[in-house]
Amino acid sequence: MSMKFLRRGVLLAMVVPALLTAGCAAGGTGQAMKGAASPASPTGTEPGMTESPMPGETGTATPTETGKGSPRSVVEKFYQALASGNGEQAAKMFTSDGVAAVQGHETAEGTQALTELFKSQQGAGGTPSIEESETMGKSAFVFASSGQGAEATRGFFLLMKDNDSWKIDRYMSNSAS
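Position numbers for residues count from 1 along each chain, tracking the sequence in the order it is written. Side-chain atom pairs in this predicted model are given and counted only at pLDDT of 80 or more, local residue features only at pLDDT of at least 70, and totals for whole chains, interfaces and linings cover all residues. The basis for the side-chain values is all heavy atoms of the structure; hydrogens and waters are excluded.

Re the overall build of the chain
In step 1: What counts as a helix is a DSSP run of H or I of at least four residues, what counts as a strand is a run of E of at least two, and both are numbered from the N terminus. When helices and strands are counted, the chain shows four helices and seven strands.
In step 2: Secondary structure elements in the chain, listed N-terminal to C-terminal, are α-β-α-α-β-β-α-β-β-β-β.
In step 3: In the chain, buried positions account for 34% of the 177 residues.
In step 4: For the chain, contacts bridging at least 24 residues in sequence account for 48% of all contacts bridging at least 6. Here the term buried applies to any residue with accessible area under 20% of the maximum for its type, exposed to any over 50%, and partly exposed to those in between, with areas from a 1.4 Å probe on protein chains only. Two residues form a contact once any of their heavy atoms are found within 4.5 Å.

So this is what it looks like as structure tokens:
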């Protein structure tokens with residue numbers, strides 16, 4: 001199986017549940033998924049604990065570490081680069097074939113297109129609130145929000161481990177309202 005298809009499979013496996021949860025939670029309190037019809041947590045698995053792999057899976061999903069060079073810190077640096085108007089620095093945080101889908105803009109793929117996109121978004125970053133962060137082997141998912149009121153946005157990031165550092169491979173951002 002090619003790396004491209006593997007990345008897409010991991011992307012779907014990590015992002016689709018997060019999108020569904022975020023969509024249900026967008027209405028306010030975030031309690032939409034916790035009603036009586038929701039299944040109970042599996043015995044022994046509480047938020048913040050490592051989950052056992054599903055049959056046929058290798059590795060486990062764990063909360064993402066928070067230190068320097070972690071997926072969380074890469075996302076925070078990405079937002080800082082956007083806020084300072086440094087589109088080139090923001091694009092350098094992506095893999096060479098990285099993709100960004102930002103509301104109101106054409107999808108950007110590759111370093112040059114990403115640089116142009118992020119240069120057009122000067123001052124759009126800020127200090128993100130990391131809502132969710134998970135790692136699974138050489139992949140990580142980060143869900144972040146930024147801004148307030150009509151300016152509030154949310155971003156979904158799929159990161160890949162490239163040698164010893166994390167790089168953003170896929171990014172999707174849209175308005176939180």
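Having seen it, we continue.
Section: the environment of Asn163
In step 1: Here Asn163 is to be found in the loop between β6 (153-162) and β7 (165-175).
In step 2: You can call Asn163 exposed: its relative accessible area is 70%.
In step 3: As for Asn163 and Lys138, which are separated by 25 residues in sequence, their C-alpha atoms are 9.5 Å apart.

Comments concerning the nonpolar core
In step 1: Counting 25 residues, the largest nonpolar core has Val75, Phe78, Phe118, Phe157, Leu159, Ile168 and Tyr171 as its most contacted members.
In step 2: Take this core: its biggest share by element is six residues, from helix α2 (residues 71-83).
In step 3: Setting aside chain neighbours within four positions, we find Phe118 in contact with Phe78, Leu82, Gly87, Ala90, Ala91, Phe94, Ala100 and Tyr171. Buried residues of nine kinds, namely Ala, Val, Leu, Ile, Met, Phe, Trp, Tyr and Cys, make up a nonpolar core once their side-chain atoms join them within 4.5 Å.

A closer look at the pairing of strand β2 (residues 94-102)
In step 1: A pair of strands is labelled paired if DSSP reports no fewer than 2 bridges between them. Note that β2 and β7 share five bridges and pair parallel. The residue of β7 that forms the bridge with Phe94 is Ile168.
In step 2: For β2 and strand β3 (residues 108-109), the ladder comprises two bridges, and the chain directions are antiparallel. Looking across to β3, one finds that Ala100 is bridged to Ala108.
In step 3: With antiparallel pairing between neighbouring strands as the criterion, β2 and β3 make up a hairpin whose turn holds five residues, including Gly104 at a positive phi of roughly 85 degrees.

Topic: α2
In step 1: Working rule for helices: expected span equals 1.5 Å times residues minus one. With 13 residues, α2 extends 19 Å from end C-alpha to end C-alpha; this agrees with the ideal 18 Å at 1.5 Å per step.
In step 2: Taken residue by residue, α2 has Pro71, Ser73, Val74, Val75, Phe78, Tyr79, Ala81 and Leu82 as its buried positions.
In step 3: Just past α2, the residue Gly85 takes up positive phi, approximately 80 degrees.

With respect to the environment of Ala100
In step 1: Its place among the elements puts Ala100 in strand β2.
In step 2: With 10 residues separating them along the chain, Ala100 and Gly110 place their C-alpha atoms 9.0 Å apart.
In step 3: Leaving out residues up to four positions away in the same chain, Ala100 has contacts with Glu106, Thr107, Ala108, Leu114, Leu117, Phe118 and Tyr171.

A closer look at the pairing of β7
Within a regular beta strand, the side chains point alternately toward one face of the sheet and then the other, so they alternate between its two faces.
In step 1: As defined by bridge partners, β6 adjoins β7 across 10 bridges and the pair is classed as antiparallel. Directly across from Arg154, in β7, lies its bridge partner Asn174.

Quick word on the pattern of salt bridges
In step 1: Salt bridge, as used here: a side-chain nitrogen of Lys or Arg that lies within 4 Å of a carboxyl oxygen of Asp or Glu. What the rule picks out here adds up to two salt bridges.
In step 2: Of the charged contacts in the structure, one is a salt bridge between Glu88 and Lys119, with a shortest N-O distance of 3.4 Å. Taken together, the positions of Glu88 in helix α3 (residues 87-92) and Lys119 in helix α4 (residues 111-119) put the pair 31 residues apart, joining distant regions of the chain.
In step 3: Residue Arg170 pairs with Asp169 through a salt bridge whose shortest N-O separation is 3.4 Å.
In step 4: The class of Arg170 is buried, set by a relative accessible area of 17%.
In step 5: Relative accessible area serves as the criterion here: at 0%, Asp169 is assigned to the buried category.

Some details on the packing of aromatic side chains
In step 1: The pairing test for Phe, Tyr and Trp rings, Trp by its six-membered ring, is centres within 6.5 Å, and the orientation test on the planes gives stacked under 30 degrees, edge-to-face over 60, and tilted for anything in between. All chains considered together, the criterion is met by 12 aromatic pairs.
In step 2: Centroid distance Phe78 to Phe118: 5.2 Å. Interplanar angle 75 degrees. Geometry classified as edge-to-face. Here Phe78, found in helix α2, pairs with Phe118, found in helix α4; they are 40 residues apart in sequence, far enough to count as distant.
In step 3: On the basis of relative accessibility, which here comes to 0%, the residue Phe78 falls in the buried class.
In step 4: The class for Phe118 is buried, based on a relative accessible area of 1%.

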